[in-house]
Amino acid sequence: MFKVNKDYLKLPGSYLFSETGRRIREFEAAHPEKKVIRLSIGDVTQPLAPAIIEALHDAVDEMGHEETFRGYAPDLGYEFLRSTIAEHDYRARGCEIAPDEIFVSDGAKCDSGNIQEIFDKDNKIAVCDPVYPVYVDSNVMAGRAGTYDREKETWSNVIYMPCTSATNFAPELPRETPDMIYLCFPNNPTGAAVTKAQLARWVDYANQKGAVIIYDAAYEAYISQEDVPHSIYECEGARTCAIELRSFSKNAGFTGLRLGYTVVPKDLKVNDVSLHSLWARRHGTKYNGAPYIVQRAGEAVYSAKGEAQLKQQIAYYMKNAACILQGLRDAGYRVSGGVNAPYIWLETPKGMGSWQFFDELLENAGVAGTPGAGFGPNGEGYFRLTAFGSYENTVEAVRRIKEM
Ligand code: MLT
């Protein structure tokens, strides 16, 4: 008889955004008269920028002619996209990243879940608490997380690094030494950012301890403050300890189109084994490359027209963030984030449980958000709203919350 992967059975409940999505749909079905405003999952609402649409059309036309038709994409990504990324996202910021250190994929969520595969099961991971749940759940599936404590809602083999208001939602160096450290800045879910000096401490620490940092920079396009780094490779020494994950979802609206990439520098080695080779082997075996037309669309993100149009799109969402921040502050909420990230992190009123606040907000204001507890124990008592709605819906959501 076949056996299942028992580690899957250890996972409590369903994936956070599947659960919130289900509850919102149930509420909508029960109250068809209410127009729910979704500020829950971080999904974009603005259409793709004209420069991207144009590139897509051109690429589709190419696929319709024998001379320009493309079959399988190179499994690590087309050279035209990898070199464009290396130039614009790295060399322009003074980071030494070569095109062949960039692995193009169908998104950062998949990469952040898959990257743990190239590491031994005995590694100990450290995560921020609260945390984007994919980092923990994918390590649970791989059998690396230990056993689950239902009361504490923690895993025995995971080091949790509390990110609280006392530290501006940044983690402190852990007492116990981890092997793999997951960091995401600007942060999902808190919207917090770290300075280059703060990030450099993590790079030094990882190099000193022989740990690897898996750095999720999916929200870098939202950075507005000068001293906040866009890439971990802005810190000296990161090439020997850090992998970086990037996404086209949030900076260019590709949540439905799907495109991302992972950087694995060739200097990142343990006992002469290169992580670059392992990830290339994994990619080559399990992946057939992101679609040609999508990679051409990705290239257009870096064109002069694309950059100008996307700058406006980011400004649009950050206007929403400012509206939520100010509106909630006026209503007496304690709020943070929303300055270098499209997420607003608010304290639930009167110490209310975050799932209870989720229900109250849905029922009384018709606004959906994400309960902080879904991101980890230190998320309890907090709630996340996204700035990815339309401006009109955002203004209306804030009005409704103020009236609650
Ligand atoms: C979120 O809401 O946290 C994100 O949209 C999830 C994701 O990017 O996978």
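On a predicted model such as this, the values are computed, not experimentally measured, just so you know. (Residues numbered from 1 in each chain as written. Predicted model: local features only at pLDDT ≥ 70, side-chain atom pairs only at ≥ 80, totals over all residues. Heavy atoms only, no water.)

What should I look at first to understand the overall build of the protein in this one?
When its secondary structure is counted, the protein shows 13 helices and 17 strands. Its C-alpha atoms give the protein a radius of gyration of 21 Å, within 12% of the compact-globule value 22 Å for 404 residues. Overall size of the protein, expressed as C-alpha extent along the three principal axes, is 60 × 55 × 50 Å. Counting the 404 residues in the protein, one finds 54% classified as buried. Partitioning the intrachain contacts of the protein with sequence separation of at least 6 by distance along the chain shows that 73% fall at a separation of at least 24. (Helix = DSSP H or I, 4+ residues; strand = E, 2+ residues; numbered from the N terminus. Rg over C-alpha atoms; globule rule 2.2 N^0.38 Å. Buried < 20%, exposed > 50% of the residue type's maximum accessible area, 1.4 Å probe, protein only. Contact = heavy atoms within 4.5 Å.)

Which parts of the structure should I look at to understand the site of the ligand?
Around the ligand lies a shell formed by F17, I41, G42, K109, Y132, N188, Y219, K250, Y343 and R384. Interatomic distance of 2.8 Å between a side-chain N/O atom of N188 and an oxygen atom of the ligand. Coverage of the ligand by the protein amounts to 87% of the 260 Å² it exposes when considered alone. Taken together, the residues that form the shell around the ligand break down as five nonpolar, two polar and three charged. Shared between two domains, the shell around the ligand holds at least three residues of each, these being domain 1 (7-47 + 305-402) and domain 2 (53-303). (Near = heavy atom within 4 Å. Polar contact = N/O pair within 3.5 Å; in protein donor to acceptor, adjacent residues only side chain to side chain. Areas by Shrake-Rupley, 256 points an atom, 1.4 Å probe, with all protein chains shown as cover. Nonpolar A, V, L, I, M, F, W, Y, C, P; charged D, E, K, R; others polar. Domains from an automatic or database assignment.)

What am I meant to see in the pattern of salt bridges here?
Oppositely charged side chains can form a pair if their charged atoms are brought close together. Summed over all chains, the structure comprises 22 salt bridges. For D7, the salt bridge goes to K10, with nearest N and O atoms at 3.1 Å. Residue D7 is classed as buried on the basis of its relative accessible area, which comes to 14%. What makes K10 partly exposed here is its relative accessible area of 31%. Bridged by salt links that share partners, the residues E19, R22, R23 and E26 form one connected network. (Salt bridge = Lys/Arg side-chain N within 4 Å of Asp/Glu carboxyl O.)

Can you walk me through the packing of helix α11 (residues 304-330) against helix α13 (residues 391-403) in this structure?
Helix-helix packing: each pair is described by the crossing angle between the helix axes and the interaxial distance. Look at α11 against α13: their axes get within 10 Å of each other, and the N-to-C directions meet at 10 degrees. Comparing the axis directions of α11 and α13 gives the class roughly parallel. Residue-level inspection shows Y316, K319, N320, C323, I324, G327, L328 and D330 of α11 in contact with α13, the latter providing Y391, E392, T394, V395, V398, I401 and K402. (Axes fitted to C-alpha atoms, helices over the stretch in contact; angles between N-to-C directions. Parallel < 35°, antiparallel > 145°, perpendicular 65-115°, else oblique.)

Help me out: how do you make sense of the domain arrangement of the protein in this one?
Much of the literature gives interface size as the accessible area that the parts lose upon coming together. Here the domain parsing of the protein yields domain 1 (7-47 + 305-402) and domain 2 (53-303). Each of domain 1 and domain 2 has a C-alpha centre, and the two are 24 Å apart. Taking both sides of the interface into account, the surface hidden between domain 1 and domain 2 amounts to around 3400 Å²; carbon and sulfur atoms contribute 58%. When the area that domain 1 buries against domain 2 is broken down by residue, the three leading residues are Y15, N340 and F375, summing to 19%. Across the domain 1-domain 2 interface, the total number found is one salt bridge. Across the pair E54 and K305 runs a salt bridge whose closest N-O atoms are separated by 3.4 Å. The tally of links from domain 1 across to domain 2 stands at 15 residue pairs in polar contact (both at pLDDT 80 or more). Counting residues per element, the ones that place at least two in the side of domain 1 that touches domain 2 are α1 (6-9), α11, β13 (335-337), β14 (343-347) and β17 (382-386). (Buried area = accessible area lost by both parts, 1.4 Å probe.)

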